[in-house]
Amino acid sequence: MISFRTNGKLREALKRKAKEEKRSLSAMIEVILYQKMAEFPTAKPSDRRGYPRKKDTLPVIIRAGNGSGKVVEGGTITNISFGGVRINMPKDVAHRIVEEEGEKDFDILFTLPDEPKPVSLRCQVRNVAEAGDTLIVGATFLQPDSPSCQSVQRHLM
């Protein structure tokens, strides 16, 4: 149910139009609203990402544990942007990385096909999702001005 106020002139015009089309006033208002809404483009869900993603398949080494290297495991980067990565890892590996003593930061090391040196970046976990026996970890880069981030930027162009 929607209630709104109008001036007398608009109310009388709506009543006349409803009577002409043999509708109730509320049905006439609903028809007008539907017609007007059809003119607007369909709203798309907002994308919170700050940068577009590029699909890639890059092997990655992950190190977690306050930079001490307590946990070192492998995974696969499935997409990358200037702001972060999505990494697929086996569940047991991912749980050790993202839940080790409450850690939410980790280091990654990988190579880009067009870069001579390996890329090393500190990341922060943003989200984790399960897909079968795999955990998908979305992470943002913590040092966007580093030379490694510049390598990522060149790769994305």
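Structure's up top.
No experiment lies behind these values; they were computed from the predicted model shown. (Residues numbered from 1 in each chain as written. Predicted model: local features only at pLDDT ≥ 70, side-chain atom pairs only at ≥ 80, totals over all residues. Heavy atoms only, no water.)

Colleague: Sorry, what's going on with the overall build of the protein here?
Modeller: Within the protein one finds four helices and six strands. When the elements of the protein are put in sequence order from the N terminus, they spell out α-α-β-β-β-α-β-β-β-α. Long-range pairs, those at least 24 residues apart, make up 51% of the contacts in the protein between residues at least 6 apart in sequence. Counting every atom, the protein has about 10800 Å² of accessible surface; 53% of that belongs to carbon and sulfur. (Helix = DSSP H or I, 4+ residues; strand = E, 2+ residues; numbered from the N terminus. Contact = heavy atoms within 4.5 Å. Areas by Shrake-Rupley, 256 points an atom, 1.4 Å probe, with all protein chains shown as cover.)

Colleague: Please clarify how unusual backbone geometry should be interpreted in this entry.
Modeller: A negative phi holds for most residues other than glycine; trans holds for most peptide bonds. Even without being glycine, Lys22 reaches a positive phi, approximately 55°. One can find Lys22 in the loop between helix H1 (8-20) and helix H2 (25-38). For Lys22, a relative accessible area of 78% gives the class exposed. (Buried < 20%, exposed > 50% of the residue type's maximum accessible area, 1.4 Å probe, protein only.)

Colleague: I would appreciate a short explanation of H1 in the present structure.
Modeller: Every α-helical turn comprises 3.6 residues, leaving residues that sit three or four positions apart pointing alike. Between its terminal C-alpha atoms H1 stretches 18 Å, which fits the 18 Å expected from 13 residues at 1.5 Å a residue. If you check the start of H1, you find a side-chain oxygen 3.2 Å away from the backbone N of Lys9, and it comes from Asn7. Immediately beyond the C-terminal end of H1, within one or two residues, lies Lys22, with a positive phi of roughly 55°. (Expected span 1.5 Å × (residues − 1). Polar contact = N/O pair within 3.5 Å; in protein donor to acceptor, adjacent residues only side chain to side chain.)

Colleague: Can you help me understand the pattern of salt bridges in this one?
Modeller: Opposite charge on two side chains permits them to pair, given that their charged atoms come into close proximity. With the rule as written, the count across this model stands at seven salt bridges. The partner of Glu21 in a salt bridge is Lys17, and the shortest N-O contact between them spans 3.4 Å. Measuring nitrogen to oxygen at the nearest pair gives 3.0 Å for the salt bridge that ties Arg154 to Glu115. Here the residue Arg154 occupies a position in helix H4 (residues 147-156), and Glu115 occupies one in the loop between strand E4 (105-110) and strand E5 (119-131), the gap between them amounting to 39 residues. Where salt bridges share partners, they join Lys17, Glu21 and Arg23 into one cluster. (Salt bridge = Lys/Arg side-chain N within 4 Å of Asp/Glu carboxyl O.)

Just geometry here; none of it tells us what the structure is for.
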